[in-house]
There are 2 protein chains.
Amino acid sequence: MITPGQPTPGSTRSLGQLVAELNRLPGVGPKSAQRIAYHIAQIPAEEARGLAEAIIAVKDVLLFCAECRNLTDASPCDICANPQRNRDQICVVEDPRDLVALERTRAYRGLYHVLHGVLSPLNGVGPEDIHLPQLFARLDGASDPLQEVIIATNPTLEGDATADFIQRRLSGSGVTITHLARGLPVGGTLEFADDTTLTRALSGRSPLE
Amino acid sequence: MITPGQPTPGSTRSLGQLVAELNRLPGVGPKSAQRIAYHIAQIPAEEARGLAEAIIAVKDVLLFCAECRNLTDASPCDICANPQRNRDQICVVEDPRDLVALERTRAYRGLYHVLHGVLSPLNGVGPEDIHLPQLFARLDGASDPLQEVIIATNPTLEGDATADFIQRRLSGSGVTITHLARGLPVGGTLEFADDTTLTRALSGRSPLE
C-alpha cells in the first residue's frame with residue numbers, strides 16, 4: 001500500500017502526492033486513496049481532466065445564497081428565487097445535504113435557512129460562527145409576514161441545543177416554531193429502537209385515522 | 001442525495017457535475033460522492049486546487065517504464081535503474097499495485113514486469129492487449145543471462161490462465177519458471193479456508209526445520 005506522504009518503493013512521487021491528497025477526503029482511507037490514484041493513472045487524460053476541472057469549478061462558482069445561505073452557483077438560489085415556494089415558512093437546517101434530503105421528499109414547499117454547523121461550546125462554535133446572525137436578520141427584516149419556522153437540526157445534543165437557542169431567540173415574536181417529529185424510523189423495529197427514541201415515539205403518539 | 005447527472009432540487013449544476021465525476025471513481029458510490037463533493041465545496045480553495053493539480057500531474061507525468069512497464073515518473077523506473085537489483089530475476093505481476101505489495105515485503109530484490117491486465121478471452125483480452133509482447137521481447141533480448149521468471153499473477157482463473165500462457169511460451173528457453181506458493185494465509189484458519197486453498201496447502205506442504 002502506498003503510505004501517503006513518504007515515498008513507497010515501486011511507486012512514484014506523483015502517485016504518492018495524489019494518494020496523499022485523496023487520503024484527505026472524507027471516507028477515503030489510504031487503501032481506497034491508492035486504488036483511486038491508480039485508477040486515475042489509467043483512465044483517459046480527458047476523463048481525469050474532467051474531474052480536476054469539476055473540482056476547480058465548484059470552488060470558483062459556488063457561493064452562499066444571500067437569503068438562505070445554501071450553496072449555489074448564483075444568488076439568490078433557485079429555491080429562494082422560486083415564486084412557487086411559500087415565503088411564510090422557513091426551515092432551518094444544519095447542512096446543505098439536509099436541505100437536499102428534505103427537497104427529495106417533495107413534502108415541503110417553503111424556504112430554507114442553512115446554518116452550516118451547530119452550536120458547540122465545547123468546540124468553541126458560537127452563534128457568530130454559524131449562519132445564525134443571518135437567520136435572525138432575515139427573520140427580523142422579513143418583508144412577507146412569517147408564519148412558521150421549522151427547526152430541522154439533527155436530533156443530537158448539539159442539534160437540540162441549537163434548536164433551543166433559536167427558539168429562545170424567537171419566542172414572543174409571534175412566529176410558530178416547530179421541529180421535526182421524533183419517533184420510530186419507518187421500517188424500524190421497537191426491539192432495536194433506543195430508549196430515547198422509544199420514549200419520544202410514545203409521548204408523540206397520535207390517534208389512528 | 002444528489003443523483004449524479006440529473007439536477008437535484010436544492011443542489012447546483014457545479015456540485016452535480018462534481019458528484020457525477022466523483023461517482024465514476026472506483027469504490028465511490030453516489031452517497032460518498034456527494035459527501036466528498038460537499039467537503040470539497042467547503043475546504044479552502046488552495047486545498048481543492050492541490051487535489052486538482054495532483055490529478056493533472058499524474059496524467060501529465062506518469063509513463064510506462066520502457067523496461068518493466070511499471071508506472072513511473074521517469075523511464076527507466078527506480079527499480080530497473082537500480083544496480084543493486086538482481087537482473088537475472090524477473091517477477092511478472094498483473095498490476096502496479098501488486099508490485100508495490102511485493103516491494104513492501106522487502107523479500108524480493110530482482111526486477112519486475114507489469115502486465116497491466118490478465119488474459120481474458122471472454123472479455124476479448126488477448127496477449128496483445130496486455131504488456132505480454134514487451135515481456136517476451138524483453139526475455140528474448142535479455143543482455144544478462146536470465147535465471148528465473150517468477151509468475152506472480154493472482155490465484156484466479158484468469159491469473160492462472162495467464163501464468164500457463166507465459167509458461168508455455170517460455171518452456172524450453174532454459175529459464176526456471178516459478179509461481180508464488182499457494183496455501184493458508186498467515187493468521188488464517190483451516191476452518192475457514194476454502195477447499196482449493198486447503199488442497200494446495202496440503203500438496204505444497206513442506207518439512208518443519
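Residues numbered from 1 in each chain as written. Chains lettered and ligands numbered in written order. Predicted model: local features only at pLDDT ≥ 70, side-chain atom pairs only at ≥ 80, totals over all residues. Heavy atoms only, no water.

A few words on the sheet that holds strand β5 (residues 148-151) of chain A. All names here are of chain A. Strand order in this open sheet of 4 strands is β4-β3-β5-β6, and the pairing throughout is parallel. Each of the sheet's edge strands pairs with one partner strand only, and the pair in question is β4 (110-114) and β6 (176-179). In this sheet, adjacent strand axes meet at a mean angle of 25° when their direction is disregarded. Across the sheet, helix α7 (residues 157-170) lies against β3 (86-93), β5 and β6, angled at about 165° from β5, the strand it touches most. (Pairing = 2+ DSSP bridges. Helix = DSSP H or I, 4+ residues; strand = E, 2+ residues; numbered from the N terminus. Axes fitted to C-alpha atoms, helices over the stretch in contact; angles between N-to-C directions. Contact = heavy atoms within 4.5 Å.)

Moving on, we get to the domain arrangement of chain A. Domain annotation of chain A identifies domain 1 (13-61) and domain 2 (78-207). The straight-line distance from the C-alpha centre of domain 1 of chain A to that of domain 2 of chain A is 35 Å. (Domains from an automatic or database assignment.)

All names here are of chain A. Within this structure, the stated rule accounts for 4 aromatic pairs over all chains. Residues Y108 and Y112 carry aromatic rings whose centres are separated by 5.1 Å and whose planes lie at 70° to one another, so their mutual orientation is edge-to-face. We classify Y108 as buried; its relative accessible area is 9%. Exposure remark for Y112: the relative accessible area of 1% places this residue in the buried category. (Phe/Tyr/Trp six-rings, centres within 6.5 Å; stacked < 30°, edge-to-face > 60°. Buried < 20%, exposed > 50% of the residue type's maximum accessible area, 1.4 Å probe, protein only.)

Before going further, it helps to examine the pattern of salt bridges. With the rule as written, the count across this model stands at 15 salt bridges over all chains. Here A:D60 and B:R49 are joined by a salt bridge, their closest N and O atoms 3.8 Å apart. On the criterion of chain membership, the pair formed by A:D60 in helix α3 (residues 45-61) and B:R49 in helix α3 (residues 45-61) is interchain, its members lying in two chains. In this structure, A:E103 and A:R85 form a salt bridge, with 2.8 Å as the shortest nitrogen-oxygen distance. (Salt bridge = Lys/Arg side-chain N within 4 Å of Asp/Glu carboxyl O.)

It is worth spelling out the interface of chain B and chain A at this point. In many analyses, interface size is given as the accessible surface area lost on bringing the parts together. Contact with chain B, which involves 56 residues of that partner, is made by 56 residues of chain A. Buried surface at the junction of chain B and chain A, summed over both partners, amounts to about 5000 Å²; 66% is from carbon and sulfur atoms. Between the two partners, chain B and chain A, sit 4 salt bridges. At the boundary of chain B with chain A, the tally comes to 14 residue pairs in polar contact (both at pLDDT 80 or more). With 14 residues, α3(B) is the single largest residue contributor to the side of chain B that touches chain A. Its residues assigned to classes, the side of chain B that touches chain A shows 30 nonpolar, 14 polar and 12 charged. (Buried area = accessible area lost by both parts, 1.4 Å probe. Polar contact = N/O pair within 3.5 Å; in protein donor to acceptor, adjacent residues only side chain to side chain. Nonpolar A, V, L, I, M, F, W, Y, C, P; charged D, E, K, R; others polar.)

The next subject is the layout of surface pockets. Residue and element names in this part refer to chain A. By volume, the largest pocket amounts to about 420 Å³. Every residue lining the largest pocket is counted, 18 residues in all, and those nearest its centre are T153, N154, P155, A181 and R182. Here the residues of the lining of the largest pocket are counted per class, giving 8 nonpolar, 6 polar and 4 charged. (1 Å grid on protein atoms, 1.4 Å probe; cavity = no way out; pocket = protein on both sides within 12 Å on 5 of 7 lines; lining within 4 Å. Points joined across faces, edges and corners; volume = space filled by probe spheres on them.)

At an RMSD of 0.2 Å, chain B and chain A line up after a rotation of 179° and a shift of 0.0 Å along the axis. Viewed as a symmetry operation, the transformation between the two copies matches a two-fold axis. Of every C-alpha in chain B, the one belonging to B:A52 sits nearest the axis of rotation, 2.2 Å from it. A shared interface surface links the copies, since 100% of the contact residues of chain B are contact residues in chain A too. (Least-squares fit on C-alpha atoms with pLDDT ≥ 70 in both.)

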